[in-house]
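# Architecture and fold: a report
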Amino acid sequence: MAANSKGSDAGRMRKRAITRRSLLRGASATAGLAAFNGFPTVWAQNIKDVTLLHAGTPVSAIQPIADQATKDLGFTVKMQMTENADILNRYLSQSSSMDVGDISIMYLRYLVGRNVLQAIPVSKYKFWDQTIPLFTKGEYPDGRKASLQGTAPFSVLFATGPDGQKFADGPTEWLTGIPTITNADTLGIRPDLTGRPVSSWADLISPDFKGKAALQDNPTIGVIDVAMAIEARGDLKYHNKGNMTRDEIDKTIALMMDIKKSGQFRSFWASFDQSVNLMASGEVVIQSMWSPAVTAVRTRGIPCTFQPLTEGYRGWGYTLAPMKHLTGLKLDCFYEYMNWYTSGFPGAFIAREGYYAGVPENAKKFLTPAEWDYWYGGKPAATDIVDPYGKLMEKAGRSRDGGTFWERMGNIAVWNSVMDEDRYLTRRWNEFITS
Amino acid sequence: VTTSERAVEVTRERRQLKLPAFRLSPYAVSWLQVSPLALVLIVLFALPTVLFLVISFFDYDRTGIYPAFIFDNYRELLTTPTTIRVYLSSLRFAVIVWAITLVLGFFIAHFLIFHVRTGMMRAVLFLLCAIPFLTSGIIRTIAWIPFLGRNGAFNQILMKLGIVSHPLDFLLFSDFAVIVTYVHLFTLLMVGPIANAMAKIDPALLEAARDAGASRWRTMTEVIIPLSKTGIALGSLLVFTQVMGDYFVVKTMSGGQSASIVSTLSTEIQAMQYPPASANAMVLVAFVAIMVAAMMWIVDVRKELVS
């Protein structure tokens, strides 16, 4: 079946190659007009049989986004959701079984150079100039340079050439992907149970919360969270918390084993739901958390704060990239999809889950003023705030923890990362877990 | 008995119909008989295992795995303190859980077979044992969390009754929680085979023992236990291999603070480190195979099953 449809695609492409190209040229001229209302019907004939398979993690592979894209674009977008390691595995081993990679930025280091993805010419991406400068230039709007600790998006966004098989040191005409989603993570706390204000990452390992702290059960992110805490407490100073040397890993793991032995950690969590339940049940009062998990605790009527900390946030992001095998019409459809994806609807959708869009000003067009002010402006909610599915998230009057977009994203201390010494880190992490 | 008589009859009828006299040699018949299972085992077990074996000698880095023949993966596996710790910890869990489920399983089976009088009642009680197992193991595991938690049902009961003044923390995210869950999950695996073996014991034997003046204890140790040996061995095998191969229960109920052999393997897979994960899997397979062989050596399950 699949082979058949691929064959007929190719046939169609050959037959109509000339007309398609000329039409696309026309289409891009009217693209400004077309961006939000579907695309010129003249070439809808060519694309209506195209299906793009978008594969990503639960964070971003969201079915209603695919439905809206199918409605707006004239071709079909299918969404497939798989958990982290499994999706990475699929990208690496079966890259031709999907068309659109929706990739956690730290995983780009696994994927670039593996003949899985192809680069995107900057010229194909309509909203490059409006994309958050943190991604495009590695700096904040006020010109301050952003942290490059960990897998900073700026350091992996550019490829050396159209094949996209090598990272470039600085800006080039080729992108490994276009930035779609980002956020700043910090510790979640139960303000009613901590018994005192929490203001530093060091509180994660403070004896005050003995037996009431939790960590993410994931070598790369878990170790960065502890490194933030250890550095904040003053035990160690890291060269780069997101890319430690062996020596730094050894020292960190040794400290972590001591902390674990003292009974600091109640649990390690591996899934969103676990983190919510640990917090909601009061088993844990301080832990690394995701923004929607904090909200999920709060919607149960239980106080929970995504606590801003003096040392800054741990940042992360996702990019969208075409798989290697896309050519011709399908590749053109990918470019249309990517420009649609950053044109506002998906950005607004994920904004209501607490994440930021790669092009905030486009997301704004699809948010009510009250939503924009709450999620991006850090202002008290003018109306009740609902999640993308219409469920109440926050009562009017409350404001978002951490404040405005740039108060949060402007204070990234380290990015989620895959370290050069990840092989060694995995071994040592296993030792830590079993100790 | 009636079915086999019927089968004989059918065969006789066939012979009388003078079907073509094509007969496979008994040798070929045996091969044909084992071939479906053999095929499944070869495709789903033997081939993947060979693949793991091959990959376990490969080299790797972040961007790929490279055909090679190096012992680094095994050396790293066998020299880190992690390995011995997880094997000891898994063995400890296996032995504790085995002992508890054996005692529980034996007495539950004994009750069902020798004390319940009517077959109807026995069927109902068996069903009651089995019904919880219609839900998935994951759900039965997670269900313990709200019960054992710091503010969970059990702690609240204890505090209401005034037995403790502070909630007991060791109930959840601890070895205790892991063992409770294992026992809950695996006791039935012990009950089934033992009950099966006990059901085959001729009640006349027990009467004979009683007539010969044996005490209940002596009947138990000299008649029932020896005759239930197969069931005990089979149940032990099931429980033992389940615990050694577990990943989910240890991870969930210890709150990720204890590791099992499989969970270290899983961490490696999550980090895309397939060669060391393969080496880890090979060592686990070898280890469990040796343990199982040892048990089989103590009780020849095959011989007992045939008789």
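A brief report on the enclosed structure follows. (Residues numbered from 1 in each chain as written. Chains lettered and ligands numbered in written order. Predicted model: local features only at pLDDT ≥ 70, side-chain atom pairs only at ≥ 80, totals over all residues. Heavy atoms only, no water.)

So, on to the overall build of chain B. When helices and strands are counted, chain B shows 16 helices and 2 strands. Oriented by its inertia axes, the alpha-carbon framework of chain B measures out at about 70 × 65 × 35 Å. The long-range share in chain B, meaning contacts at least 24 apart out of those at least 6 apart in sequence, stands at 68%. When the accessible surface of chain B is summed, it comes to about 18200 Å², and 72% of that surface belongs to carbon and sulfur atoms. Of the side chains in chain B, 23 bear a positive and 17 a negative charge, and the two mean positions are spaced by 6 Å. (Helix = DSSP H or I, 4+ residues; strand = E, 2+ residues; numbered from the N terminus. Contact = heavy atoms within 4.5 Å. Areas by Shrake-Rupley, 256 points an atom, 1.4 Å probe, with all protein chains shown as cover. Lys, Arg positive; Asp, Glu negative; His and termini not counted. Charge placed at Lys NZ, Arg CZ, Asp CG, Glu CD.)

A few words on the sheet that holds strand β5 (residues 158-159) of chain A. Residues and elements named next belong to chain A. With respect to topology, 3 strands assemble into an open sheet ordered β4-β6-β5, the strand pairing being antiparallel. The open sheet terminates on both sides in strands that have one partner only, identified here as β4 (120-121) and β5. Here β4 pairs with strand β6 (residues 174-175) via 2 bridges, running antiparallel. Residue Pro 121 lies in a different strand from β6, and its bridge partner there is Trp 174. (Pairing = 2+ DSSP bridges.)

Counting 97 residues, the largest nonpolar core has A:Phe432 and B:Tyr182 as its most contacted members. Considering each element in turn, this core owes the most residues, 11 residues, to helix α9 (residues 175-199) of chain B. Not counting chain neighbours up to four residues away, the residues in contact with A:Phe432 comprise A:Ile253, A:Met256, A:Met257, A:Lys260, A:Phe265 and A:Phe268. (Core = buried A, V, L, I, M, F, W, Y, C linked by side-chain atoms within 4.5 Å. Buried < 20%, exposed > 50% of the residue type's maximum accessible area, 1.4 Å probe, protein only.)

One non-glycine residue, A:Asn115, lies in positive phi territory at about 60 degrees. If you trace the backbone, A:Asn115 turns up in the loop between α6 (108-111) and β4. Notably, B:Phe173 is not glycine yet its phi reads approximately 55 degrees, a positive angle.

This next bit is on the sheet that holds strand β11 (residues 286-288) of chain A. All names here are of chain A. On the basis of which strands lie adjacent, the open sheet formed by 5 strands has the order β10-β9-β11-β8-β12 and mixed pairing. Strands with a single pairing partner mark the edges of an open sheet, and in this sheet they are β10 (265-269) and β12 (305-307). Between one strand and the next, the sheet's axes are offset by a mean angle of 25 degrees, whatever the strand orientation. Two elements, strand β8 (residues 187-189) and β11, share 3 bridges in a ladder whose sense is antiparallel. (Axes fitted to C-alpha atoms, helices over the stretch in contact; angles between N-to-C directions.)

On to the interface of chain A and chain B. Opposite the 37 residues of chain A that make contact, chain B presents 32 residues. Carbon and sulfur atoms make up 45% of the surface buried where chain A meets chain B, a total of about 3000 Å² over both sides. A per-residue breakdown of the area chain A buries against chain B is headed by A:Arg266, A:Arg423 and A:Thr434, which together make up 24% of the total. Counting across the chain A and chain B interface gives 3 salt bridges. Salt-bridge contacts for B:Glu76 lead to A:Arg423; the nearest nitrogen and oxygen are separated by 3.9 Å. If you look at where chain A meets chain B, you find 19 residue pairs in polar contact (both at pLDDT 80 or more). Elements represented by at least two residues in the side of chain A that touches chain B include exactly α5 (84-93), α6, α11 (246-261), β10, α12 (272-280) and α19 (422-434) of chain A. In terms of residues, the side of chain A that touches chain B owes the most to one element, α19(A), which gives 9 residues. (Buried area = accessible area lost by both parts, 1.4 Å probe. Salt bridge = Lys/Arg side-chain N within 4 Å of Asp/Glu carboxyl O. Polar contact = N/O pair within 3.5 Å; in protein donor to acceptor, adjacent residues only side chain to side chain.)

Moving on, we get to α5(A). Listed in full, the buried residues belonging to α5(A) are A:Ala85, A:Ile87, A:Leu88, A:Arg90, A:Tyr91 and A:Leu92. Where α5(A) is buried, its residues contact β1 (51-56), β2 (76-81), β3 (100-104) and α6 of chain A together with α14 (261-270) of chain B.

Residue and element names in this part refer to chain A. Within this structure, the stated rule accounts for 30 salt bridges over all chains. Between Asp 401 and Arg 398 there is a salt bridge, with the nearest N and O atoms lying 3.5 Å from each other. Residue Arg 398 is classed as partly exposed on the basis of its relative accessible area, which comes to 35%. Members of the salt-bridge network, linked through shared partners, are Arg 298, Glu 394, Arg 398 and Asp 401.

Glancing now at the packing of aromatic side chains. All names here are of chain B. As enumerated under the stated definition, the model contains 37 aromatic pairs over all chains in all. Centre to centre, the rings of Phe 57 and Tyr 74 are 5.2 Å apart; their planes meet at 40 degrees, and the pair counts as tilted. Of this pair, Phe 57 sits in the loop between α2 (26-55) and β1 (59-61) while Tyr 74 is found in helix α3 (residues 72-79), placing the two residues 17 residues apart along the sequence. Neither Phe 57 nor Tyr 74 differs from the other in exposure class; each is buried. On the numbers, 5.5 Å between centres and 85 degrees between planes, the contact of Phe 106 with Phe 107 is edge-to-face. A relative accessible area of 7% places Phe 106 in the buried class. Relative accessible area serves as the criterion here: at 48%, Phe 107 is assigned to the partly exposed category. (Phe/Tyr/Trp six-rings, centres within 6.5 Å; stacked < 30°, edge-to-face > 60°.)

Here we come to α3(B). In an α-helix, one turn spans 3.6 residues, which is why side chains three or four residues apart end up on the same side. Residues and elements named next belong to chain B. Among the residues of α3, Asn 73, Tyr 74 and Leu 77 are the ones counted as buried. Along the axis of α3, the buried positions cluster into a sector of 95 degrees, meaning they face one direction only. In this structure, the buried residues of α3 make contact with α2, β1, α4 (81-115) and α15 (274-298). (Arc of directions from axis to C-beta.)

This part is about the pairing of β3(A). Residues and elements named next belong to chain A. Burial analysis of β3 places 5 of its 5 residues in the buried class, which makes it a mostly covered element. Here β1 pairs with β3 via 2 bridges, running parallel. Residue pairing across strands places Ala 55 opposite Gly 101, the latter belonging to β3. Pairing between β3 and strand β13 (residues 313-322): 5 bridges, direction antiparallel. In the sheet register, Gly 101 faces β13, and the bridge partner there is Ala 321.

In this section: the environment of B:Leu238. Residue and element names in this part refer to chain B. Among the structural elements, Leu 238 can be located in helix α12 (residues 229-244). Given a relative accessible area of 37%, Leu 238 falls into the partly exposed group. Contact partners of Leu 238, with chain neighbours within four places excluded, come to Leu 189 and Pro 193.

What follows is about the side chain of A:Glu248. Residues and elements named next belong to chain A. Mapped onto the elements, Glu 248 comes out in helix α11. Among the polar contacts listed, one links the side chain of Glu 248 to the backbone nitrogen of Thr 245, at a separation of 3.0 Å. The residues touching Glu 248, leaving out its near neighbours within four places in the chain, are Lys 237, Tyr 238, His 239, Asn 240 and Asn 243.

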